[in-house]
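Understanding the architecture of this molecule
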Amino acid sequence: MSRPDPTPTPPIRERSRRHSWVRVFLPVALILVWLVGASLGGPLFGKVDEVSSNEQTTYLPESADATQVQQLLGEFNDSDSIPAIAVFTSEDELTDAELDAISDAVADAPNVEGVGDDVSPALPSDDGRAVQAFIPIDGDAELADATAALGDELRAAVPDHISVYITGPAGFSADLVAGFAGIDGLLLGVALLAVLVILVLVYRSFLLPIVVLSTSLFALCVALLVVWWLAKFEVLLLSGQTQGILFILVIGAATDYALLFVARFREELRVAQDKGTAVIAAWKGSVEPIVASGGTVIAGLLCLLLSDLKSNSTLGPVAAIGIVFAMLSALTLLPSLLLLFGRAVFWPRRPRFEPEVVAAEHGMRTTGLWARLARLIKRRPRVIWIVTTLVLLAGAAGITQLDADGVPQSDLVLGASEARDGQVALGEHFPGGSGSPAYVVVDEQHLQDAANVMLQNDGIDAVSVTAADSPSGAAPVTEDGITAVGPPGTPAPDPTTVDGDVLLQGTLTDAADSEAAAATVRELRGDLDDLDALVGGVTATSIDTNDASIHDRNLIIPVILVVIMFILMLLLRSILAPVLLILTTVLSFGTAMGVSALVFNGIFDFPGADPAVPLFGFVFLVALGIDYNIFLMTRVREESKAHGTREGILRGLLITGGVITSAGLVLAATFAALSVIPILFLVQLAFIVAFGVLLDTFVVRSLLVPALTYDIGKAIWWPSKLWRRGED
């Protein structure tokens, strides 16, 4: 029985025509899909504040005392307003006329848009040179606008020689809002401009930088579209800090992946005359390192889900979403654009079709910086990696000078701050903690005991209890219990209770964000432990935040190391190589942190650092720093299969040297752009990551890793087949 004839093979001309149609339709379709996504996400850049919050207690664990107290405050006070403190100071003792003018100005404060009605009376200081008043800002008001308008109104109502400050929780929150105001415009503009300049200098082309930046910007727009709606439906929490990191991370990562693809595309154009063939070959050669690199970053970021702080745990998925779209844009949008433009994208320096020249070079150029460096490593590998390691260890010694135990709230915003100046003025004339009390929620039966404990604490100047009939909502407490409010002889009001609990407020002697106030609250918590009382407020929130950050740092850093090492083992099919790569990256991180500590203390004179700074620095430096080792070692492994390990190391270094250096410069520049936002945390993170990336690019990946692996030889691949395969 004869078998049927197979289906005839289509004529070459028909197949070519079909492939030509696919080559046009597919890239155009992909570009249109990205264009639609970007057009939907682009308008959201100015609307992120609609779905974000910078309130610290929002990000604390549900079990934290400060979180529970914050949730109860609205029930006790029946208000979601944010307290502001208006401080009036004069060089001389205030006259009766001036005091009357201040009182009238305070009484008229509710006429300002965004200001609540429950304004306290004007309270003079004992020295007669200052007055304070507690003024609520509506929770749904534009905080920065409301506090600015309130300050302007009060200044206009009092004599010119009286200084007026708006401070307290509302004042400091307004500073944060103002600090993050430049994220949508200034930060993005500076980052894109820095990347554009670097790309123009590297490629000396006009069209290619625009294509690469378009890839990055489209990735960011689509990532923002997804994140914005997830935040809108309260699936994710979004803050100004998270928003800034998302912008920078997507722009930097997408550009890095694009540079890797473009470099491979340029290589292929030298041996393939057809641009479609070159794009396909470049895609096949780039997909593994890009996916491995992005997967490593995503895995490191998702380790933040283990964090107790929601500001950390929500950054993980938000940033991971950004990396996903950075990878997708580099592997779909960029190839589509390159397929349309072909060699013209490199104009005026178009790569030539020169397979004979490439064959004569054996795939490697023998001149230039990277060729000289490869020859140096070949001659002196052991000397290079030992000297480099010693230099990095010397830099890492500075990490002992890093003060990352937290910073006062008044130092979170860099530059001029009315709220900070107001707090200083407040502390000169009133108890430092005025307006930012320590809140204690205790069972009604233990009210007297809790009040006595608070009054016996040297760090608490006065205590009051939320009262039903008190004009200001709180009645003072003495060691004998609740006293009268108003004229002598007025009976004490009944306290307000919520499910049998009473709210006590303790005015701290020291500024609420000071170390002394923190010590007072910690002592208070210990003394009230037997009464099952909850202690909250600004100081308690700061304490709980710092404690959670330290816990996260100690837990998450080891987990990230294990996860990334496992990914590298799968990628390189080796055990020894990933271990050494992780060790070199950790050494680079230690050096970056050590040098940063010396710069922060000796040059910038920063007041310290948030405990989350080392954690975030580690996440980005290790996850992103390992990227360059992945770019290098995947190419080394590819070359080692054909030429042996030691030759493969030199070839990998020479081939990837230029593109990885360009990628490092781009990533360092984008993270450095974070420093334009005057928030201490972001400025410190910008320096640490930018310096660390440059260190990885020019020292670790260019000298330490190639020299160390060259010295070890094929054993670097142990126990894979590449290790067992003959001599180098």
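Up top is the structure these notes are about.
In this report, the structure presented in the accompanying data block is examined.

With that settled, consider the overall build of the protein chain. Secondary structure summary: the protein chain contains 23 helices and 11 strands in total. Counting every position in the protein chain, which comprises 728 residues, the buried fraction comes to 55%. Across the protein chain, contacts joining residues at least 24 apart in sequence account for 80% of those joining residues at least 6 apart. Surface accessibility of the protein chain: about 31,200 Å² in total, with carbon and sulfur atoms responsible for 58%.

Turning next to the environment of D117. As for its placement among the helices and strands, D117 is situated in the loop between α3 (96-107) and β2 (123-124). Sequence spacing of D117 and A107 is 10 residues, and the spatial spacing of their C-alpha atoms is 9.2 Å.

Among the secondary structure elements, S239 is positioned in the loop between α7 (207-232) and α8 (240-271). Linking S239 and L315, residues 76 residues apart in sequence, is a C-alpha distance of 9.0 Å.

Membership of the largest hydrophobic core comes to 161 residues, with the highest contact counts inside it found for Y257, L301, F616, F620 and F671. Here this core takes 18 residues from helix α20 (residues 612-643), the largest share from any one element. Apart from the residues lying within four places of it in its own chain, the contact partners of F616 are Q241, I245, N312, L315, F681 and L685. With 28 residues, the next largest nonpolar core counts L60, L309, V502 and A533 among its residues.

Further remarks concern the pairing of strand β5 (residues 438-443). For β5, the tally of buried residues reaches 5 of 6 residues, placing the bulk of the element in the interior. Relative to strand β10 (residues 501-508), β5 runs antiparallel, the two being bridged by 6 bridges. Paired with Y439 across the bridge in β10 is Q505. In the sheet, β5 pairs with strand β11 (residues 534-537) via 4 bridges, with the strands oriented antiparallel. Paired with A438 across the two strands is G537, which belongs to β11.

On to the packing of α8 against α20, then. Running from amino to carboxyl end, α8 crosses α20 at an angle of 10°, the nearest separation of the two axes being 13 Å. On the basis of their axis angle, the class for α8 and α20 is roughly parallel. Along its contact with α8, which presents Q241, I245, L249, D256, Y257, L260, R264 and E267, the element α20 presents F616, F620, L624, D627, Y628, F631, R635 and E638. Here the residues of the contact of α8 with α20 sort into 9 nonpolar, 1 polar and 6 charged.

Below, the discussion takes up the sheet that holds strand β4 (residues 163-167). An order of β2-β3-β1-β4 is seen for the 4 strands of this open sheet, with the pairing classed as antiparallel. Edge positions in the sheet fall to β2 and β4, since each has one partner strand and no second. Across 8 bridges, strand β1 (residues 82-89) lies against strand β3 (residues 130-137) in antiparallel orientation. Looking across to β3, one finds that F88 is bridged to V131. Each of β1, β3 and β4 touches helix α15 (residues 418-429); the most contacted strand, β4, lies at about 110° to it.

Its location among the elements puts A272 in the loop between α8 and α9 (275-302). Between the alpha carbons of A272 and R352 there is a distance of 9.6 Å; along the sequence they are 80 residues apart. Residues in contact with A272, not counting those within four places in the same chain, are T277, A278, R343 and F353.

Under the criterion given, the structure shown has 15 aromatic pairs. When the ring of W228 is compared with that of W229, the centres are 4.9 Å apart and the planes differ by 80°; the resulting orientation is edge-to-face. Overall, the relative accessible area of 6% leaves W228 in the buried class. W229 sits in the partly exposed class, given a relative accessible area of 39%. An angle of 85° between the planes, with centres 5.3 Å apart, marks the rings of F616 and F681 as edge-to-face. You can see F616 sitting in helix α20 and its partner F681 sitting in helix α22 (residues 680-712), a full 65 residues away along the chain. The same class applies to F616 and to F681, which are both buried.

Most of β10 sits out of view: 6 of its 8 residues are buried. In this antiparallel pair of consecutive strands, strand β9 (residues 497-498) and β10, the connection spans 2 residues, and D499 shows a positive phi of 55°.

Bringing the side chain of T296 into the picture now. Assignment of secondary structure puts T296 in helix α9. Classification of T296 as buried rests on a relative accessible area of 0%. Residues contacting T296, with those up to four places away along its chain left out, are I564, I567, A623, I626 and I630.

About the cut-offs
- Residues numbered from 1 in each chain as written.
- Predicted model: local features only at pLDDT ≥ 70, side-chain atom pairs only at ≥ 80, totals over all residues.
- Heavy atoms only, no water.
- Helix = DSSP H or I, 4+ residues; strand = E, 2+ residues; numbered from the N terminus.
- Buried < 20%, exposed > 50% of the residue type's maximum accessible area, 1.4 Å probe, protein only.
- Contact = heavy atoms within 4.5 Å.
- Areas by Shrake-Rupley, 256 points an atom, 1.4 Å probe, with all protein chains shown as cover.
- Core = buried A, V, L, I, M, F, W, Y, C linked by side-chain atoms within 4.5 Å.
- Pairing = 2+ DSSP bridges.
- Axes fitted to C-alpha atoms, helices over the stretch in contact; angles between N-to-C directions.
- Parallel < 35°, antiparallel > 145°, perpendicular 65-115°, else oblique.
- Nonpolar A, V, L, I, M, F, W, Y, C, P; charged D, E, K, R; others polar.
- Phe/Tyr/Trp six-rings, centres within 6.5 Å; stacked < 30°, edge-to-face > 60°.

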